[in-house]
Amino acid sequence: MSSCGGPKIKSELRVFESPDELATDLAEYISQLSENSVKERGCFTIALSGGSLISLMGKLCEAPYDKTVDWTKWFVFWADERAVAKNHIDSNYKLTKDLFLSKVPILNSHVFSINDNVTVEDAAAEYEFAIRQLVKIRTVGVSESNDCPKFDLILLGMGPDGHVASLFPHHPALELKEEWVTYITDSPKPPPERITFTLPVINSASSVAMVAVGEEKAMAVHLATAGAGENFDASSLPARMVQPTDGKLVWFLDSTAASVLDVSNSGSG
Ligand SMILES: O=C1O[C@H](COP(=O)(O)O)[C@@H](O)[C@H](O)[C@H]1O
């Protein structure tokens, strides 16, 4: 692995020869954060996305983590979900259930999936309400700067267009300041209806991990992590708007996703 501090945005870049090496380090990283949160707060709140990220979490289900992670202290959320039934192939919940949740002993009552039986508008409102209740009892922490929920870790994938969760380039949802969870009905990537965390929630997390593999992500990775000119339109690249206020941002990249990284951004390896 080579590692370097990101440029203008306070972040760490971890670059791996292969997705397999990335997955090994990602499992260790998540396990360490879990251990720290359980020690400090008695629980670990993690918000997941969909896509390729979930298969890259597979090593967490294997030794030693299957035994060493305190799974009973985990509370699982979704940073975004597609408006499809939970057994639909496009469901982020189904993906996570099949590849991760079915393999580790996380309590069912600690899994906060998004309602697939109501409209996206209602599902977003219901999800925000549920998170507000968990913030009140401090299962989910709270940001001191803006009263937003402070998840211990938000794991994000990124599309080749730079979208994160279901926040797409130039979409008005990128501007939301008060809402914690919102919905969209015009996703450029199918399915069109989705529910998503807003940027204030993502940027209030204690840790955000951005995971990207594959050459088709290389340009978006470069633009999201490089220093940009004053005229750069941030809303053209939502991944660039992920800038935790008090938390830490770590990029996990394979060598192909990192292939266009600005060399002037690379620090010690
Ligand atoms: O639609 C989505 O896409 C992104 C990226 O997916 P990937 O397969 O290109 O890694 C994902 O992070 C998001 O959760 C999902 O809904």
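The protein chain is annotated in an unreviewed UniProt entry as Probable 6-phosphogluconolactonase from Ensete ventricosum. Looking at the protein chain in UniProt, the text filed under Pathway (unreviewed entry) is "Carbohydrate degradation; pentose phosphate pathway; D-ribulose 5-phosphate from D-glucose 6-phosphate (oxidative stage): step 2/3."

1. Some thoughts on the site of the ligand
Neighbouring the ligand are 15 residues; G50, S52, D80, R82 and K189 lie closest to it. Here H163 contributes a side-chain N or O atom positioned 3.0 Å from an oxygen atom of the ligand. Starting from 390 Å² of accessible surface for the ligand in isolation, the protein chains cover 91%. Judged by its atoms lying within 2 Å of the grid points, the ligand is housed in the largest pocket.

2. Some thoughts on the environment of A220
Mapped onto the elements, A220 comes out in helix α7 (residues 218–225). Spatially, the C-alpha atoms of A220 and L237 are 7.5 Å apart, while their sequence positions differ by 17 residues. Setting aside its immediate chain neighbours within four residues, A220 contacts M158, G159, P160, G162 and L237.

3. A look at the side chain of E12
Inspection of the secondary structure assignment puts E12 in strand β2 (residues 12–16). Look at E12 and you get buried, because its relative accessible area is 15%. At a separation of 2.9 Å, a polar atom in the side chain of E12 contacts the side chain of R14.

4. Notes on α7
Counting buried positions along α7 yields 6 of 8 residues, so the element is predominantly enclosed. Residues of α7 that are buried: A218, A220, V221, H222, A224 and T225.

5. Digging into the state of the cysteines
Enumeration over the complete set of coordinates arrives at 0 disulfides. Lacking any disulfide linkage, C43 is separated from the closest cysteine sulfur, that of C148, by 18 Å.

6. Brief notes about the layout of surface pockets
Computed from the structure, the largest pocket encloses a volume of approximately 240 Å³. Along the wall of the largest pocket there are 19 residues; nearest its centre are G51, M158, G159, H163 and K189. For the lining of the largest pocket, the per-class residue count stands at 5 nonpolar, 8 polar and 6 charged. Counted as a void, the second largest pocket has a volume near 200 Å³. Along the walls of the second largest pocket sit Y29, L33, N36, S37, E40, R41, G141, K150, D152, S206, S207 and K248, which together make up its complete lining. Here the element with the most residues in the lining of the second largest pocket is helix α1 (residues 19–41); it accounts for 6 residues. A class-by-class count of the residues in the lining of the second largest pocket yields 2 nonpolar, 5 polar and 5 charged.

Conventions adopted
Residues numbered from 1 in each chain as written. Predicted model: local features only at pLDDT ≥ 70, side-chain atom pairs only at ≥ 80, totals over all residues. Heavy atoms only, no water. UniProt positions renumbered as here; feature names shortened; annotations may be inferred. Near = heavy atom within 4 Å. Polar contact = N/O pair within 3.5 Å; in protein donor to acceptor, adjacent residues only side chain to side chain. Areas by Shrake-Rupley, 256 points an atom, 1.4 Å probe, with all protein chains shown as cover. 1 Å grid on protein atoms, 1.4 Å probe; cavity = no way out; pocket = protein on both sides within 12 Å on 5 of 7 lines; lining within 4 Å. Sits in = over half its atoms within 2 Å of the grid points. Helix = DSSP H or I, 4+ residues; strand = E, 2+ residues; numbered from the N terminus. Contact = heavy atoms within 4.5 Å. Buried < 20%, exposed > 50% of the residue type's maximum accessible area, 1.4 Å probe, protein only. Disulfide = S-S within 2.5 Å. Points joined across faces, edges and corners; volume = space filled by probe spheres on them. Nonpolar A, V, L, I, M, F, W, Y, C, P; charged D, E, K, R; others polar.

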